[in-house]
Amino acid sequence: MSNALLEVVNLKVYFYTLSGVVRAVDDVSLSVLPGEWIGIVGESGSGKSTLAYAIAKIVPPPGRIVGGKVKFMNRDLMELNEEAMRGIRGRHIGFVFQDPLTSLDPLRTVGDQLAEVIQVHLGVGREEAIREAGELLELVNIPRDRLNYYPHQLSGGQRQRIVIAISIALRPELLIADEPTTALDVIVQDQIMDLLKEVQMKGASIMLITHDVALAAEMANRIAIMYAGEIVEYGDTRSIINAPLHPYTAGLVNSVPDLWSAKTIKSIPGFPPDLRNPSPGCRFHPRCRQALSICINERPPMTIVEHDRCIACWLYLKR
Ligand SMILES: Nc1ncnc2c1ncn2[C@@H]1O[C@H](COP(=O)(O)OP(=O)(O)OP(=O)(O)O)[C@@H](O)[C@H]1O
Ligand SMILES: [Mg+2]
């Protein structure tokens, strides 16, 4: 899709550990359109965070991007050096990390941390940066006088809103939010989602990474389902939820008793595979009640089933 803001093509990210090569992201392709909200949904360890880190080229060692492309705003990020990437991160790709506490410096006031981002990236003076920091705080519904607070003086929800304020300070075109509400209660989760919605309304694309299919269904217009380092199905939210094609997607959707209010996924029997030695076939086949013999040894190719609806499953291909 040429008008995409972000295009990930056949991306592979492996961790070279002492006990073997962990294929955390293995041949993942997806695109994000300007202004859309995409949900990346999958169990713990399915490679969601690794995918997000790879998009921003911040995969920690011993991880390495070993194949594929990331195109963002019509630039091939794989070609850019670290200095050029620093101009993209924050400025064009905002990041809300999985653990908000680690994103804030406990020894500096939130105002100081917000103002620094604005000062460094936008090249404005200290006074203007502080004024803008105050405006950003109000935008995330925190009174301006909290600029002088240290992170520990704020609640978990307020801290997460400050992390979001920092990540949107430079008005990035893409905001990647990695499990932004995992540690927060449902009310605060709704507030954070409302805030992300506002960011989207202002024109940004949101990539919400979550294990919670119900949350993704509520917020995203498109959903990509990840399993064991691969995307197994993706498409518009309505068809993914109303008519899931992949048995894993169906398992996820059916395990939420009331999709519109339940907040956690009940587990599907069995465990995800060891990514150091995944099956050459479909990685879900040992847990799949509908598995065919072909699923054991042959990897199902990602197939377009209708406009922008894709699935990697032999059941569908053999139908
Ligand atoms: N630094 C690392 N070294 C070795 N393996 C890693 C490292 N980081 C992640 N992995 C492995 O890569 C795989 C994907 O991990 P990742 O953190 O991307 O999953 P996730 O979907 O974000 O999970 P969660 O929902 O728990 O956050 C896992 O098998 C994990 O053990
Ligand atoms: Mg993660």
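Quick note: structure is the one above.
Here is what the cut-offs are and how they apply
In this convention, every chain numbers its residues from 1, walking through the sequence in written order. By the order in which they are written, chains take letters starting at A while ligands take numbers starting at 1. Local features in this predicted model are restricted to residues whose pLDDT is 70 or higher, and side-chain atom pairs enter the listing and the counts only when it is 80 or higher, whereas totals over whole chains, interfaces and linings include all residues. Remark: hydrogens and water are excluded; side-chain values derive from all non-hydrogen atoms of the structure. Here, a salt bridge means any Lys or Arg side-chain nitrogen found within 4 Å of an Asp or Glu carboxyl oxygen. Only runs of H or I of at least four residues qualify as helices and only runs of E of at least two qualify as strands under DSSP, and these elements are numbered from the N terminus. Burial classes follow relative accessibility: with a 1.4 Å probe on protein chains only, a residue under 20% of its type's maximum area counts as buried, one over 50% as exposed, and anything between as partly exposed. Note on pairing: DSSP must find at least two bridges between two strands before they are called paired. Angles here are taken between N-to-C directions and fall from 0 to 180 degrees, while the axes themselves are lines fitted to C-alpha atoms, restricted in helices to the stretch in contact. Side-chain atoms within 4.5 Å link the members of a nonpolar core, which is a set of buried Ala, Val, Leu, Ile, Met, Phe, Trp, Tyr and Cys residues. Throughout, a contact is declared for two residues whenever any of their heavy atoms are within 4.5 Å. For classification purposes, angles smaller than 35 degrees are called roughly parallel, those larger than 145 roughly antiparallel, those between 65 and 115 roughly perpendicular, and all remaining angles oblique. Note on convention: near helix rotated counterclockwise from far helix by under a right angle means a left-handed crossing. Clockwise means right-handed. Polarity classes work like this: nonpolar for Ala, Val, Leu, Ile, Met, Phe, Trp, Tyr, Cys and Pro, charged for Asp, Glu, Lys and Arg, and polar for all others, with Gly in that last group. Note on definitions. A residue lies near a molecule or strand when any single heavy atom of the residue is within 4 Å of it. Pairs of N or O atoms within 3.5 Å make up the polar contacts considered here, provided that, within protein, one atom can donate a hydrogen while the other can accept it, and that residues adjacent in sequence are counted only when both atoms are side-chain atoms. Computed with a 1.4 Å probe, the accessible areas rest on the Shrake-Rupley method; for each residue, only the protein chains presented here act as cover. Two distance rules govern patches: like charges are joined within 9 Å, and nonpolar side chains (Val, Leu, Ile, Met, Phe, Trp, Tyr) within 5 Å, applied only to residues with over 30% relative accessible area and no salt bridge. Here the expected length of a helix is defined as 1.5 Å per residue gap, with one fewer gap than residues.

Q: What am I meant to see in the pattern of salt bridges here?
A: Two side chains of opposite charge can pair, provided their charged atoms sit close to one another. Counted according to the given criterion, the structure contains 17 salt bridges. When the shortest N-O distance is used, the salt bridge between Glu36 and Arg222 registers 2.5 Å. Within this pair, whereas Glu36 is found in the loop between β2 (20-32) and β3 (37-41), its partner Arg222 is found in strand β9 (residues 222-227), the two being separated by 186 residues in sequence. Residue classification places Glu36 among the buried positions, given a relative accessible area of 6%. Its relative accessible area of 4% is what places Arg222 among the buried residues. A salt bridge links Glu138 to Arg144, with the shortest nitrogen-to-oxygen separation between them at 3.2 Å. For Arg144, a relative accessible area of 32% translates into the label partly exposed. Each of Asp26, Glu230, Arg283 and Arg299 takes part in a single network of salt bridges with overlapping partners.

Q: So what exactly am I meant to see when it comes to the sheet that holds strand β8 (residues 205-210) here?
A: Remark on secondary structure: sheet strands pair via backbone hydrogen bonds, oriented parallel or antiparallel. Pairing is mixed across the open sheet formed by 8 strands, whose spatial order is β6-β7-β8-β3-β9-β10-β12-β11. Each edge of the open sheet is held by one strand with a lone partner, namely β6 (93-96) and β11 (303-306). The average undirected angle you get between the axes of adjacent strands in this sheet is 20°. Summarising the sheet, strand β7 (residues 174-178) and β8 pair through 5 bridges and their orientation is parallel. What sits directly across from Asp178, in β8, is Ile209.

Q: Teacher, can you tell me more about the nonpolar core here?
A: Grouped burial of nonpolar side chains is what soluble globular proteins tend to show. Among the nonpolar cores identified, the biggest contains 101 residues, and Leu6, Leu30, Leu51, Ile55, Leu174, Ile176 and Met207 are the most heavily contacted of them. Once residues lying within four places of it in the same chain are set aside, the contact partners of Ile176 are Ala52, Ile55, Ile93, Gly94, Phe95, Val96, Met207 and Ile209.

Q: Help me understand the packing of helix α4 (residues 110-122) against helix α6 (residues 156-168) in this model?
A: To characterise two packed helices, one gives the angle between the axes of the helices and the distance between these axes. Packing of α4 against α6 leaves a shortest axis separation of 9 Å and a crossing angle of 15°. Comparing the axis directions of α4 and α6 gives the class roughly parallel. Between α4 and α6 lies a crossing whose hand is right-handed. Seen from α4, the contacting residues are Val110, Gln113, Leu114 and Val117; seen from α6, they are Ile162, Ala165 and Ile166. Of the residues assigned to the contact of α4 with α6, the class counts are 6 nonpolar, 1 polar and no charged.

Q: Help me understand the pairing of β11 in this model?
A: Relative to strand β12 (residues 309-311), β11 is paired through 3 bridges, and the arrangement is antiparallel. Within β12, the residue paired with Thr303 across the bridge is Ile311. Hairpin geometry of β11 and β12 is characterised by an intervening segment of 2 residues between the two adjacent antiparallel strands and by a positive phi of about 60° at Asp308.

Q: Please clarify how the sheet that holds strand β5 (residues 75-76) should be interpreted in this entry.
A: Read from one edge to the other, the open sheet built from 4 strands follows the order β2-β1-β4-β5, with strand pairing classed as antiparallel. At either end of the open sheet lies a strand with only one pairing partner, and these are β2 and β5. Of the strands in this sheet, β1 (6-17), β2 and β4 (63-72) touch helix α1 (residues 48-55), which is tilted by about 115° from β1.

Q: Teacher, can you tell me more about the site of ligand 1 here?
A: In the neighbourhood of ligand 1, 16 residues make up the surrounding shell, with Ser44, Gly45, Lys48, Thr50 and Gln98 lying closest. Contacts to ligand 1 include Ser46, whose backbone N or O atom sits 3.2 Å from an oxygen atom. Gly47 is positioned such that a nitrogen or oxygen atom in its backbone is 3.1 Å from an oxygen atom of ligand 1. Within the complex, 67% of the 640 Å² of free accessible area of ligand 1 lies under protein.

Q: Got a minute to help me understand a nonpolar patch on the surface in this structure?
A: Together, Tyr16, Val21 and Val66 give the surface a local cluster of nonpolar side chains, amounting to about 200 Å² of exposed area. If you trace the backbone, Val66 turns up in strand β4. Classification of Val66 as partly exposed rests on a relative accessible area of 35%.

Q: How should α4 be read in this particular structure?
A: An α-helix turns once per 3.6 residues; consequently, residues spaced three or four apart project the same way. Given a rise of 1.5 Å per residue, 13 residues ought to cover 18 Å, and the 18 Å separating the end C-alpha atoms of α4 matches this to within 8%. Residues of α4 that are buried: Val110, Gly111, Gln113, Leu114, Ala115, Val117 and Ile118. Looking one or two places after α4, you find Gly123, whose phi comes out positive at around 65°.

Q: I'm lost on unusual backbone geometry in this one. Help?
A: With an omega dihedral of 5°, the bond running from Pro61 to Pro62 counts as a cis peptide bond. Of note, Asp27 is a non-glycine position whose phi angle comes to about 70°, a positive value. By the secondary structure assignment, Asp27 is in strand β2. Under the relative-accessibility criterion, Asp27 is labelled partly exposed at 34%.

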